[in-house]
Amino acid sequence: MTADVPTILATSAFFRRSQVSPLAMRPGAIHHLAAELANNTKAPKICVLAQATGDPEARIGYHYAAFAGTEFTMSHLQLFPMPNVDDIRAHLLAQDVIWVDGGSVANLCAVWRVHGLDEILHEAWQKGVVLSGVSAGSICWHQGGSTDSYGHELRGFTDGLGFLPYSNGVHYDSEARRRPTMHRLVGDGTLGDGYATDDGAGLIYRGTSLSEAVADREGPLGYELKRAADGTVTETVLPTRVLT
C-alpha cells in the first residue's frame, strides 16, 4: 500500500527512548505518522538510508535495534563501499516508507546522484512511497537549506533534489545559529522562501504543497519564512498538530 498522492514528511524529529533502557530507542510518533501516510499501519515496510554519515554499520544497526519487535519491517540501502542490493530501484519501489537519516546533506545528495538515486527517489515519490527523514533527510527533498556540511559554521546549501520548491531549516530551536542563518540566507536571496522545524516537528507535503505541520509532543513548531522586496524576512508560526 502507498500514499494516495505523492507525499513527503520532512522533519527535525527523532526516535523515542524506550522505557526498558535509557540507551534504547523505539519508533517515534513521526515514524508511525509516516506509516499512516503510506496507508499501511499494520505491517509497514521502511527502508533506511544513512549515506549522510557514510553508511556506518553501527548507525544502521542502531536503526534495526529501534525497529526490532515492532510492526515495522526494516531494510536498509547501503552505498558505501558498494550497494548492498542488486536492484536499487526495485527495492525502493517496494517500500511503504523511505527514511533518510541525518548528517551531511551535501555529501548525501552528491552520492545519490552518482548512483542515480535522484531519479529513482523521484519515481518512488510519484508512485506513492512516502519519502521522509530527519535533518539532512529533511533538507534533501527541498531546494536547499542551512547546513554544517562544510564545517562548523553554518552555510547555505542550494543543491538539494528540489522535489519541493522551497528552502528548509532544521533544528530551529535547538541550535542557536539556525534561525539567524536561515533569515540571512533567505533575506539575501541565497535561498528562496521556505519552511523550518523545531526539534520534534515535521512538515507534511502532499504533492509540492505544504499540507500540515505536526509535532511529536507539545512545544515544537513549524514556521514559514517569506522574503519581502526589501530583503526583510517574515517568520510566521504554522498551526502545528501534536501527534498522539
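Residues numbered from 1 in each chain as written. Predicted model: local features only at pLDDT ≥ 70, side-chain atom pairs only at ≥ 80, totals over all residues. Heavy atoms only, no water.

### Quick word on the overall build of the protein chain
Item 1. In terms of regular secondary structure, the protein chain is built from 7 helices and 16 strands.
Item 2. For a compact globule of 244 residues, the expected C-alpha radius of gyration is about 18 Å, and the protein chain comes in at 17 Å, within 12% of that figure.
Item 3. By principal-axis analysis of the C-alpha atoms, the protein chain measures approximately 50 × 40 × 35 Å.
Item 4. Buried positions account for 52% of the 244 residues belonging to the protein chain.
Item 5. If you take every contact in the protein chain between residues at least 6 apart in sequence, the share linking residues at least 24 apart comes to 69%.
Item 6. A total of about 10,600 Å² of accessible surface is found on the protein chain, and carbon and sulfur atoms cover 51% of it.
Item 7. Within the protein chain, the 27 negative side-chain charges are centred at a point lying 2 Å from the centre of the 19 positive side-chain charges. (Helix = DSSP H or I, 4+ residues; strand = E, 2+ residues; numbered from the N terminus. Rg over C-alpha atoms; globule rule 2.2 N^0.38 Å. Buried < 20%, exposed > 50% of the residue type's maximum accessible area, 1.4 Å probe, protein only. Contact = heavy atoms within 4.5 Å. Areas by Shrake-Rupley, 256 points an atom, 1.4 Å probe, with all protein chains shown as cover. Lys, Arg positive; Asp, Glu negative; His and termini not counted. Charge placed at Lys NZ, Arg CZ, Asp CG, Glu CD.)

### Considerations on helix α5 (residues 117–126)
Item 1. Buried residues of α5: Leu117, Ile120, Leu121, Ala124 and Trp125, and no others. The buried side chains of α5 occupy one side of the element, clustering within an arc of 140° when seen end-on.
Item 2. Of the residues one or two after α5, glycine 128 is the one with positive phi, at around 100°. (Arc of directions from axis to C-beta.)

### Topic: helix α7 (residues 178–187)
Item 1. The complete set of buried residues in α7 reads Arg178, Thr181, Met182, Leu185, Val186 and Gly187.
Item 2. Each element contacted by the buried residues of α7 is listed here: β8 (144–147), β9 (155–157), β10 (167–169), β14 (222–227) and β15 (233–238).
Item 3. Just beyond α7, the residue with positive phi is glycine 189, at close to 85°.

### Regarding the sheet that holds strand β5 (residues 73–77)
Each strand in a sheet pairs with its neighbour through backbone hydrogen bonds, running either in the same direction (parallel) or in the opposite one (antiparallel).
Item 1. The mixed open sheet is built from 8 strands, whose spatial order is β5-β4-β6-β7-β1-β12-β13-β16. In the strand order of this sheet, the two ends are held by β5 and β16 (240–242), each with one partner. Across the sheet, the mean angle from the axis of one strand to that of its neighbour is 25°, orientation sign disregarded.
Item 2. The pairing of strand β1 (residues 7–11) with strand β12 (residues 201–206) spans 5 bridges and is classified as antiparallel. Looking at the pairing, isoleucine 8 lines up with tyrosine 205 of β12. (Pairing = 2+ DSSP bridges. Axes fitted to C-alpha atoms, helices over the stretch in contact; angles between N-to-C directions.)

### Let's talk about the environment of aspartate 55
Item 1. Along the chain, aspartate 55 turns up in the loop between β4 (45–49) and α2 (57–67).
Item 2. Sequence spacing of aspartate 55 and aspartate 159 is 104 residues, and the spatial spacing of their C-alpha atoms is 21 Å.
Item 3. Non-local contacts of aspartate 55, meaning those with residues more than four positions away in its chain, are made with Ala50, Ile60, Leu77, Gln78, Leu79 and Phe80.
Item 4. Reaching out from aspartate 55, the side chain makes a polar contact with the backbone nitrogen of phenylalanine 80 at a distance of 2.9 Å. (Polar contact = N/O pair within 3.5 Å; in protein donor to acceptor, adjacent residues only side chain to side chain.)

### Points about the packing of aromatic side chains
Item 1. One pass over the structure, following the stated rule, counts 10 aromatic pairs.
Item 2. One cation-aromatic arrangement involves arginine 59 over tyrosine 62; the distance from NZ or CZ to the ring centre is 6.0 Å.
Item 3. Of note, arginine 155 hangs over the ring of tyrosine 150, and the distance from its end group to the ring centre comes to 4.4 Å. (Phe/Tyr/Trp six-rings, centres within 6.5 Å; stacked < 30°, edge-to-face > 60°. Lys NZ or Arg CZ within 6 Å of the ring centre and 35° of its normal.)

### Details of the pairing of strand β7 (residues 130–134)
Item 1. The buried count for β7 comes to 5 of 5 residues, which makes it a mostly enclosed element.
Item 2. Alternating residues of β7 divide into Val130, Ser132 and Val134 and Leu131 and Gly133, and every residue in both groups is buried.
Item 3. Pairing between β1 and β7: 4 bridges, direction parallel. Within the sheet, the bridge partner assigned to isoleucine 8 lies in β7 and is leucine 131.
Item 4. As paired strands, strand β6 (residues 97–100) and β7 are joined by 4 bridges and run parallel to one another. By the bridge assignment for β7, tryptophan 99 is matched with serine 132.

### Some remarks on unusual backbone geometry
Item 1. In this model, phenylalanine 80 is joined to proline 81 through a cis peptide bond whose omega is -5°.
Item 2. Structurally, the position occupied by proline 81 is in the loop between β5 and α3 (88–93).
Item 3. The phi dihedral of asparagine 39 is positive, around 60°, even though this residue is not glycine.
Item 4. Residue placement: asparagine 39 occurs in the loop between α1 (29–37) and β4.
Item 5. Classification of asparagine 39 by relative accessible area gives partly exposed; the value is 32%.
Item 6. In this model, histidine 171 sits at a positive phi of 50°, which is unusual for a non-glycine residue.
Item 7. The topology assignment puts histidine 171 in the loop between β10 and α7.
Item 8. Judged by its relative accessible area of 8%, histidine 171 falls in the buried class.

Such coordinate-based values are descriptive only and should not be taken to indicate function.
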